[in-house]
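# A structural walkthrough
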Amino acid sequence: MADTPEQSGDNPDSTPADFAGTTPRRKPKPEIEKIGNRKLKPATLMMGHGYDPVLSEGSLKPPIFLTSTFAFENAAAGKRHFEGITGKRPGGAEGLVYSRFNGPNQEICEDRLSVWEEAEEALVFSSGMSAIATVLLANVNQGDVVVHSGPLYAATETLINRVLGRFGVTFLDFPAGASREEVDTLLEKAKTMATGSGKVAIVYLESPANPTNALVDIEMVREARDAAFGADGPPIAMDNTFLGPLWQQPLKHGADISIYSLTKYVGGHSDLVAGGVMGSKAHLDPIRAMRNTIGTITDPNTAWMLLRSLETVELRMTRAGENAEKVCAFLRDHPKVEGLGYLGFLEEGSSQRDIYDRHCSGAGSTFSVFIKGGEEESFRFLDALKIAKLAVSLGGTETLASHPAAMTHLSVPDDRKAALGITDNLVRVSIGVEDADDLIADFMQALEQV
Ligand SMILES: *Cc1c(COP(=O)(O)O)cnc(C)c1O
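As the structure is a computational prediction, the values presented were derived from the model and not from experiment.

The rules behind the values
Residues numbered from 1 in each chain as written. Predicted model: local features only at pLDDT ≥ 70, side-chain atom pairs only at ≥ 80, totals over all residues. Heavy atoms only, no water. pLDDT = per-residue confidence, 0-100. Contact = heavy atoms within 4.5 Å. Core = buried A, V, L, I, M, F, W, Y, C linked by side-chain atoms within 4.5 Å. Buried < 20%, exposed > 50% of the residue type's maximum accessible area, 1.4 Å probe, protein only. Helix = DSSP H or I, 4+ residues; strand = E, 2+ residues; numbered from the N terminus. Phe/Tyr/Trp six-rings, centres within 6.5 Å; stacked < 30°, edge-to-face > 60°. Lys NZ or Arg CZ within 6 Å of the ring centre and 35° of its normal. Salt bridge = Lys/Arg side-chain N within 4 Å of Asp/Glu carboxyl O. Patch = residues over 30% accessible without salt bridge, like charges linked within 9 Å, V, L, I, M, F, W, Y side chains within 5 Å. Areas by Shrake-Rupley, 256 points an atom, 1.4 Å probe, with all protein chains shown as cover. UniProt positions renumbered as here; feature names shortened; annotations may be inferred. Near = heavy atom within 4 Å. Polar contact = N/O pair within 3.5 Å; in protein donor to acceptor, adjacent residues only side chain to side chain. Nonpolar A, V, L, I, M, F, W, Y, C, P; charged D, E, K, R; others polar.

## Comments concerning the confidence of the model for the chain
Across the chain, the average pLDDT comes to 93, with 94% of residues at or above 70. Within the model, the stretch residues 1-23 combines pLDDT values under 50 with 46 contacts to residues more than four positions away or in other chains.

Shown next, in the form of structure tokens:
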């Protein structure tokens, strides 16, 4: 339920009449989250959670609230709001104050987002990167050490290594598939590194890693963190863009903060840029305070678009996942395909498969295809595609294909590319919600051109 007074109706300062205009007063209805003992599923809650039409002239869908500021009931109410915002009074803001802090569309969006991981709270941001930057700025001080899994989204690596590096922050990384021993060793090393200059500020994960699809064992990292630091160790944050919110829910496996580029599967139509963060109130409070300070919140229009997207996120991801499985089954046996980096085909008995079985409920729809040959053959394949569009990004309704070595990872040094397995014959594919057999026909004819 939104904590906006006009939505929850629990603030005596604000009555439905404030928003009802000249229409007869109607009381907001209590929100339905259960029928008998049955707890309603996220797919159901996406159509109404956190919004009551009664409070907006009966408008079935939330209006877009285009305003930069919100009128106070009286001076004392204004003071109370600021006491909440500034932390003078615990409990945070009770109402809306100024649009750099929050707005009705963003709050409804946050309420609905949090449902997917059963998170206490969620925050929305202007992009995935502004979400990541705000999480890091809220947690990291001069002289601190950041521990992270590798590889990370390229801009995240730049932010940690180069930007935070300018402020005296150092980092240590372990490969995504690392064992408990490797992580233990690294955490001890990080502790030693931080001694005298600061602390180990955050353990930052990304899983599956891009473009290798290597999975991080969140449960294991949580155990290692707890063993190394005890109860008040650094928070574990995880970028869950590739499998969230449907196929992987890091908060349930020991992460403290789950981060999303909502630009991808959640937005899902390749028509917006946004980010999200979910977790406990205790972990999100400093992040919200940093967002209030630097203004990395998303705008009302994008928040409204995200609300529309959330209504179909399960439908779209389910269909895209089924399509990807069919396309990969076709590609696996094709003579011009050397291999596949697809989570649905992990080797039985391997440690990656073990992580997958414990953490993931689906293999996603973003994978790597290794074409027999090199750049020339891969380019011929890409240029021959008729349905799949040639573009970076992922998680949209349409199928996209790209060449990481020549595009997203062009600036990565050759030895690092080799270490990450970013070869010249690697084609990255994000499957959409088209007809699966049409997609297979497209891949079939394009492979014939190789
Ligand atoms: C796209 C992406 C980001 C960055 O998100 P933006 O919305 O483009 O800022 C971060 N992490 C991962 C894994 C991504 O795919």
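The discussion continues.
## Regarding the nonpolar core
Here is a general trend for soluble globular proteins: nonpolar side chains tend to be buried in one another's company. Ranked by internal contacts, the top residues of the largest apolar core, which has 63 residues, are L331, F367, F381 and F443. Listed by contribution, the elements that provide at least two residues to this core are α5 (104-116), β3 (121-125), α11 (300-332), α12 (351-359), β11 (366-371), α13 (375-384), β14 (426-430) and α15 (436-448). Ranked by residues supplied to this core, first place goes to α11 with 12 residues. With near-sequence residues (within four places) excluded, L331 lies in contact with V337, L340, F367, V369, F443 and L447. Judged by nonpolar contacts, the second largest core, of 24 residues, contains L172, A176, A194 and A228.

## Describing the packing of aromatic side chains
Evaluation of the coordinates by the stated rule reveals six aromatic pairs. Look at W247 and Y265: their rings are 5.7 Å apart centre to centre, the planes differ by 85 degrees, and that puts the pair in the edge-to-face class. In this pair, W247 sits in the loop between β7 (236-239) and β8 (257-261) while Y265 sits in the loop between β8 and β9 (275-279), placing the two residues 18 residues apart along the sequence. The class for W247 is buried, based on a relative accessible area of 7%. Centroid distance Y342 to F345: 4.9 Å. Interplanar angle 80 degrees. Geometry classified as edge-to-face. Given a relative accessible area of 6%, Y342 falls into the buried group. Here F345 falls in the partly exposed class, since its relative accessible area comes to 26%. Three or more aromatic residues link up through ring pairs in this structure, and these residues are Y342, F345 and F367. In this arrangement the basic side chain of K191 is found over the ring face of F229, its NZ or CZ atom lying 5.3 Å from the centre. The ring of F345 has R332 lying over it, and the distance from NZ or CZ to the ring centre is 3.7 Å.

## Remarks on the pattern of salt bridges
This model, assessed by the stated rule, comprises 23 salt bridges. A salt bridge links D144 to K199, with the shortest nitrogen-to-oxygen separation between them at 2.7 Å. With a gap of 55 residues between them, D144 in the loop between α6 (128-139) and β4 (145-150) and K199 in the loop between α8 (180-194) and β6 (200-206) connect regions that are remote in the sequence. When its relative accessible area of 2% is taken as the criterion, D144 is described as buried. Classification of K199 as partly exposed rests on a relative accessible area of 36%. A salt bridge links K281 to D285; its shortest N-O distance comes to 2.8 Å. Residue K281 and its partner D285 are both found in helix α10 (residues 281-294); the two are separated by four residues, about one turn of the helix.

## As for a nonpolar patch on the surface
Together, L390, V392 and M407 make up a nonpolar patch on the protein surface, roughly 250 Å² of accessible area in all. Take V392: it is sitting in the loop between β12 (389-390) and β13 (400-402).

## Looking at the UniProt feature "modified residue: N6-(pyridoxal phosphate)lysine" (unreviewed entry) in the chain
Mapped onto this numbering, the UniProt entry gives "modified residue: N6-(pyridoxal phosphate)lysine" (unreviewed entry) at K264. The residue K264 is located in the loop between β8 and β9 in this model. Setting aside residues no more than four positions away along its own chain, K264 makes contact with Y153, T241, S393, L394 and G395.

## Comments concerning the site of the ligand
Neighbouring residues of the ligand: 15 residues in total, closest M129, D239, S261, T263 and K264. At 2.9 Å from an oxygen atom of the ligand is found a main-chain nitrogen or oxygen belonging to G128. The side chain of T263 places a nitrogen or oxygen atom 2.6 Å from an oxygen atom of the ligand. Bound to the protein, the ligand loses 92% of the 380 Å² it would expose on its own. Sorting elements by how many residues they give to the shell around the ligand places α6 first, with three residues. Looking at side-chain class alone, the shell around the ligand contains seven nonpolar, five polar and three charged residues.

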